[in-house]
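One letter stands for each residue in the lines below.
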Amino acid sequence: FGEFQIKGLASSETPDTLASGQVAMIASGPDLAQLGAFFGEKNWPASAFQANVDTSLRNFRVEIERFELTSDAVTISLIGALPDYRAPGSGALEGAIYIPSLAVLSEVLDLPKSLQGPLNGKMSLTRSGQGTDVLIKSDTPFLSFEVGGRIEPGESMLGSALPLTGHSDTTDLLLGLAVD
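Here is a short report on the structure shown in this document. Since this is a predicted model, take the numbers as computed values, not measurements.

Details of the sheet that holds strand β4 (residues 61–71)
Turning to step 1, where the next piece is worked out: Read across the sheet, 10 strands follow the order β1-β2-β3-β4-β5-β6-β7-β8-β9-β10 without closing on themselves; strand pairing throughout is antiparallel. Each end of this open sheet is capped by a strand with a single partner; those strands are β1 (5–11) and β10 (164–167). Pairs of neighbouring strands in the sheet enclose a mean axial angle of 5 degrees, with direction left out of account.
Turning to step 2, where the next piece is worked out: As paired strands, strand β2 (residues 20–29) and strand β3 (residues 49–58) are joined by 10 bridges and run antiparallel to one another. By the bridge assignment for β3, A24 is matched with D54.

Digging into the pairing of strand β7 (residues 119–128)
Turning to step 1, where the next piece is worked out: With eight bridges joining them, strand β6 (residues 92–99) and β7 adopt antiparallel strand pairing. If you follow E94 over to β7, its bridge partner there is S124.
Turning to step 2, where the next piece is worked out: Note that β7 and strand β8 (residues 131–139) share nine bridges and pair antiparallel. Paired with N120 across the two strands is D139, which belongs to β8.
Turning to step 3, where the next piece is worked out: Counting the residues in the hairpin turn of β7 and β8 gives two residues, including G129, whose phi is positive at 65 degrees.

Brief notes about the pairing of β8
Turning to step 1, where the next piece is worked out: Sheet analysis places β8 next to strand β9 (residues 144–151), joined by eight bridges and oriented antiparallel. Considered in β9, the bridge of D133 is made with R150.
Turning to step 2, where the next piece is worked out: In this antiparallel pair of consecutive strands, β8 and β9, the connection spans four residues.

Some points on the packing of aromatic side chains
Turning to step 1, where the next piece is worked out: Applying the stated criterion to the full structure yields two aromatic pairs.
Turning to step 2, where the next piece is worked out: With a centroid separation of 5.9 Å and an interplanar angle of 40 degrees, the aromatic rings of F4 and F49 are classed as tilted. With a gap of 45 residues between them, F4 in the segment before β1 and F49 in strand β3 connect regions that are remote in the sequence. The burial state of F4 is the same as that of F49; both residues are buried.
Turning to step 3, where the next piece is worked out: Measuring from ring centre to ring centre gives 5.1 Å for F38 and F39, while their planes differ by 85 degrees; the resulting arrangement is edge-to-face. Across the pair, exposure class does not vary: F38 and F39 are exposed alike.

Structural notes on the pattern of salt bridges
Turning to step 1, where the next piece is worked out: Taken as a whole and judged by the stated rule, the model has seven salt bridges.
Turning to step 2, where the next piece is worked out: Note that R58 is salt-bridged to E13, the shortest N-O span being 3.9 Å. With R58 in strand β3 and E13 in the loop between β1 and β2, the pair connects residues that are 45 residues apart, well separated along the chain.
Turning to step 3, where the next piece is worked out: The exposure class assigned to R58 is partly exposed, which follows from its relative accessible area of 37%.
Turning to step 4, where the next piece is worked out: For E13, a relative accessible area of 62% puts it in the exposed group.
Turning to step 5, where the next piece is worked out: A salt bridge links R66 to E68, with the nearest nitrogen and oxygen atoms 3.8 Å apart.
Turning to step 6, where the next piece is worked out: According to the relative accessible area criterion, R66 is partly exposed, its value standing at 32%.
Turning to step 7, where the next piece is worked out: Within this structure, D54, R66 and E68 form a network of salt bridges that share partners.

A short note on the layout of surface pockets
Over the atoms rolls a probe the size of a water molecule, and its path tells where empty space is left.
Turning to step 1, where the next piece is worked out: Taken as a whole, the largest pocket spans an internal volume of roughly 320 Å³.
Turning to step 2, where the next piece is worked out: Lining the largest pocket are 18 residues, and of these L35, F39, F49, A51 and L69 sit closest to its centre.
Turning to step 3, where the next piece is worked out: Listed by contribution, the elements that provide at least two residues to the lining of the largest pocket are β1, β2, α1 (32–38), β3 and β4.
Turning to step 4, where the next piece is worked out: Looking at the lining of the largest pocket residue by residue, the class counts come to 14 nonpolar, three polar and one charged.

A look at the nonpolar core
Turning to step 1, where the next piece is worked out: Within the largest apolar cluster, 15 residues are counted, with the highest numbers of intra-cluster contacts made by F49, L69, V74, I99 and L102.
Turning to step 2, where the next piece is worked out: Counting residues per element, the ones that place at least two in this core are α1 and β3.

Cut-offs and rules
Residues numbered from 1 in each chain as written. Predicted model: local features only at pLDDT ≥ 70, side-chain atom pairs only at ≥ 80, totals over all residues. Heavy atoms only, no water. Pairing = 2+ DSSP bridges. Helix = DSSP H or I, 4+ residues; strand = E, 2+ residues; numbered from the N terminus. Axes fitted to C-alpha atoms, helices over the stretch in contact; angles between N-to-C directions. Phe/Tyr/Trp six-rings, centres within 6.5 Å; stacked < 30°, edge-to-face > 60°. Buried < 20%, exposed > 50% of the residue type's maximum accessible area, 1.4 Å probe, protein only. Salt bridge = Lys/Arg side-chain N within 4 Å of Asp/Glu carboxyl O. 1 Å grid on protein atoms, 1.4 Å probe; cavity = no way out; pocket = protein on both sides within 12 Å on 5 of 7 lines; lining within 4 Å. Points joined across faces, edges and corners; volume = space filled by probe spheres on them. Nonpolar A, V, L, I, M, F, W, Y, C, P; charged D, E, K, R; others polar. Core = buried A, V, L, I, M, F, W, Y, C linked by side-chain atoms within 4.5 Å.

Here it is, written out as structure tokens:
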């Protein structure tokens, strides 16, 4: 796989039913741009990276102990559990993203070039009863916001509430983006 390295382990105590198992993997490489091109994605930054994945399956319960992508351009992490992957309405996931410079990823994310600086973000999704509790936070030099609430199932999503709060010291920049 060229300069890229992938090391891993996969095992299952029940290979006939896949009711249990474990996957651990570490992947690394010298250039996110080459990896992005391999998957048909253009404009990824030339930055070394490492990805770590540790997950397990026990009695149909999926545990994501660690999913991390680390580079100079972006850091992403995800942990959580799905008590039964056959029941998509169950489980909890928490994630985080850190981008030191939005300018480096502006072409990948199709962002206006005027958006500069770091981005810190967090999210949490937790299944509770029939609905899902949601929390999303993002902080940048130009906008900080939080969405937190609950999404109820069904077409009407009756009972759902996702209040949004935010703050910006650079409203002129945000208004300029809205007008463009």
